[in-house]
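Summary of structural features
Below are the chains, spelled out letter by letter.
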Amino acid sequence: MAFVSSGYNPDKPMENRISDIGPRDYNEFLPPVIKNNYGKWLYHEILEPGVLVHVAESGDEVYTVRCGTARLMSITLIREMCDIADKHCEGYLRFTTRNNVEFMTDSKDKMVALKEDLLSRKFEGGSYKFPVGGTGAGVSNIVHTQGWVHCHTPATDASGTVKVIMDDLFDEFTGHNMPAPVRIAVACCLNMCGACHCSDIAVVGIHRKPPIIDHEYLDNLCEIPLAVASCPTGAVRPSKVEIDGKQYKTVAIKEERCMYCGNCYTMCPSLPLSDKEGDGIALMVGGKVSNRISMPKFSKVVVAFIPNEPPRWPTLTKTIRNIVEVYKADANKYERLGDWAERIGWERFFEKTGIEFTPHLIDDFRDPAYYTWRQSTQFKF
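Reading guide: rules and limits
Residues numbered from 1 in each chain as written. Predicted model: local features only at pLDDT ≥ 70, side-chain atom pairs only at ≥ 80, totals over all residues. Heavy atoms only, no water. Pairing = 2+ DSSP bridges. Helix = DSSP H or I, 4+ residues; strand = E, 2+ residues; numbered from the N terminus. Axes fitted to C-alpha atoms, helices over the stretch in contact; angles between N-to-C directions. Contact = heavy atoms within 4.5 Å. pLDDT = per-residue confidence, 0-100. Buried < 20%, exposed > 50% of the residue type's maximum accessible area, 1.4 Å probe, protein only. Core = buried A, V, L, I, M, F, W, Y, C linked by side-chain atoms within 4.5 Å. Salt bridge = Lys/Arg side-chain N within 4 Å of Asp/Glu carboxyl O. Phe/Tyr/Trp six-rings, centres within 6.5 Å; stacked < 30°, edge-to-face > 60°. Disulfide = S-S within 2.5 Å.

As paired elements, strand β9 (residues 236–243) and strand β10 (residues 246–253) share eight bridges and run antiparallel to each other. Considered in β10, the bridge of Ile 243 is made with Lys 246. Hairpin geometry of β9 and β10 is characterised by an intervening segment of two residues between the two adjacent antiparallel strands and by a positive phi of about 50° at Asp 244.

Rendered as structure tokens:
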């Protein structure tokens, strides 16, 4: 009756409709020059780090300036981006999948003015608000997850680690100094809501201790059947304990089955997983999504554990910088990090980088499927 009284006509459900379910059609947000030439582009090229041009069959050109941004931004910064777009780009901008923001103009003169404006904007500490770069044979911005800011199961921080990594690799973001593109991703736990499984360098937060059980409060805060069912390895089972002469309904954890995923904590806040000594980082390298030259690859673990060392994570940044420098000096042009490691052999990778190889890095679960399944849509002649 509520729909009827508000004027809803069930015979004509779309009549006078002012809202819809789901996102609006992306065509509504395309700049006019892109909408007019959609699907009719001849070529594109990178003019300089962070600056691209696309040329259409009609002769129209679109100049794009790519800037690195933080994944978690203030309303003030977003409004400043909108002001820049209004000033130079007729109000249009777009975000990339790696947390870059791109401003597009239809002439070279507008692009030059836009770039000068972007580089003139700095924070009070002197750092760029909108550093230009992240294109071509360099390090792009880092795609990452929530970390300590928001997520409830992180083993490391995301925003903090991304900040220190990009501070250290800033020259590689603003230049084309690498043999090929380098994509870095950070996921703060094994649930990996970042693209860590297929990035050139991936930072993954890992837990190493099973959940702590708060027996006294568990039955009041949680539905025990849901906590049991949430475990993908069957490590959680119903149980009872006696504390100070009082019996409590609770759960027990079979530690040898636990893979420290945090699913149980998602269902039950009386099963916290975070631990100062047990939490840290695993470093993976060699993944990619691209079909170019070789088929897509999964990342491989090369460092089993790096402790959390906030606020600057010196061991993590030193290790990543070392890998990047060795790769940059030794790889062939156009050779992605994983392609380089496979060409010289993973044994030589560990030798050249000085990273210790341990039994924790052997991923024997992939054999034989890893070698026998068709893993790619890549066309083979």
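Here five strands make up an open sheet; going across it, the order is β1-β2-β3-β5-β4 and the pairing antiparallel. Edge positions in the sheet fall to β1 (41–48) and β4 (93–95), since each of these pairs with one other strand and no more. With direction set aside, neighbouring strand axes in the sheet form an average angle of 25°. The strands touched by helix α3 (residues 75–88) are β4 and β5 (100–105); relative to β5, the strand with the most contacts, the crossing angle is about 15°.

Turning next to the confidence of the model for the chain. The predicted model of the chain has a mean per-residue pLDDT of 90, with 92% of residues at 70 or higher. For residues 1–5, every residue scores under 50 in pLDDT, and the model assigns this stretch one contact once sequence neighbours within four places are set aside.

Another aspect to go through is the environment of Asp 109. Relative to the assigned elements, Asp 109 resides in helix α4 (residues 108–120). On the basis of relative accessibility, which here comes to 66%, the residue Asp 109 falls in the exposed class. Here the alpha-carbon distance between Asp 109 and Leu 93, two residues 16 residues apart in the chain, equals 18 Å.

Further remarks concern the nonpolar core. Counting 39 residues, the largest nonpolar core has Ile 165, Ile 201, Leu 283, Leu 316, Ile 320, Trp 340 and Phe 349 as the members making the most contacts within it. If you list the elements that add at least two residues to this core, you get α5 (159–168), β7 (184–187), β8 (201–206), β11 (280–285), β12 (300–307), α10 (314–330), α11 (337–344) and α12 (346–353). It is α10 that provides the largest number of residues to this core, a total of six residues. Contact partners of Ile 201, with chain neighbours within four places excluded, come to Val 182, Arg 183, Ile 184, Ala 185, Leu 283, Met 284, Val 285, Ile 320, Ile 323, Val 324 and Leu 337.

Excluding glycine, residues mostly carry a negative phi; peptide bonds, for their part, are mostly trans. Here the bond from Pro 310 into Pro 311 is cis, since omega is 10°, no more than 30 degrees from zero. A positive phi angle is found at Ile 293, which is not glycine, with a value near 70°. Assessed through its relative accessible area of 60%, Ile 293 is described here as exposed. Look at Tyr 334: it is not a glycine, yet its phi comes out positive at around 75°. Tracing the backbone shows Tyr 334 in the loop between α10 and α11. Its relative accessible area of 45% is what places Tyr 334 among the partly exposed residues.

Our focus in this paragraph is the pattern of salt bridges. The full count for this structure, using the stated rule, is 22 salt bridges. With a shortest N-O distance of 3.5 Å, Lys 352 and Asp 330 are connected by a salt bridge. With a gap of 22 residues between them, Lys 352 in helix α12 and Asp 330 in helix α10 connect regions that are remote in the sequence. Put simply, Glu 80, Lys 87, Asp 117, Arg 121 and Lys 129 are held in one network by salt bridges that share partners.

All told, the structure shown has eight aromatic pairs when counted by the stated rule. Between the aromatic rings of Tyr 128 and Phe 170, the centroid separation amounts to 6.3 Å while the plane-to-plane angle is 10°, which identifies the pairing as stacked. Taken as a pair, Tyr 128 in the loop between α4 and β6 (143–144) and Phe 170 in helix α6 (residues 170–173) lie far apart in primary sequence, 42 residues in all. Tyr 128 gets classed as partly exposed once you look at its relative accessible area, which sits at 35%. Look at Phe 170 and you get partly exposed, because its relative accessible area is 29%. Centre to centre, the rings of Trp 148 and Trp 313 are 5.8 Å apart; their planes meet at 35°, and the pair counts as tilted. Taken together, the residues Trp 148 in the loop between β6 and α5 and Trp 313 in the loop between β12 and α10 connect sequence positions 165 residues apart.

Before going further, it helps to examine the state of the cysteines. Within this structure, the stated rule accounts for one disulfide. Linked covalently through their sulfurs, Cys 222 and Cys 268 form a disulfide whose S-S length is 1.9 Å. Between Cys 222 and Cys 268, the disulfide has an S-S torsion of 75° and is therefore right-handed. With Cys 222 in the loop between α7 (215–221) and α8 (224–229) and Cys 268 in the loop between α9 (263–267) and β11, the pair connects residues that are 46 residues apart, well separated along the chain. As far as the burial class goes, Cys 222 and Cys 268 line up, both buried. Cysteine Cys 189 is unpaired, with the sulfur of Cys 188 as its nearest cysteine sulfur at 5.2 Å. Cys 196 takes part in no disulfide bond, and the closest cysteine sulfur to it belongs to Cys 198, at a distance of 8.7 Å. Judged by its relative accessible area of 0%, Cys 196 is buried.

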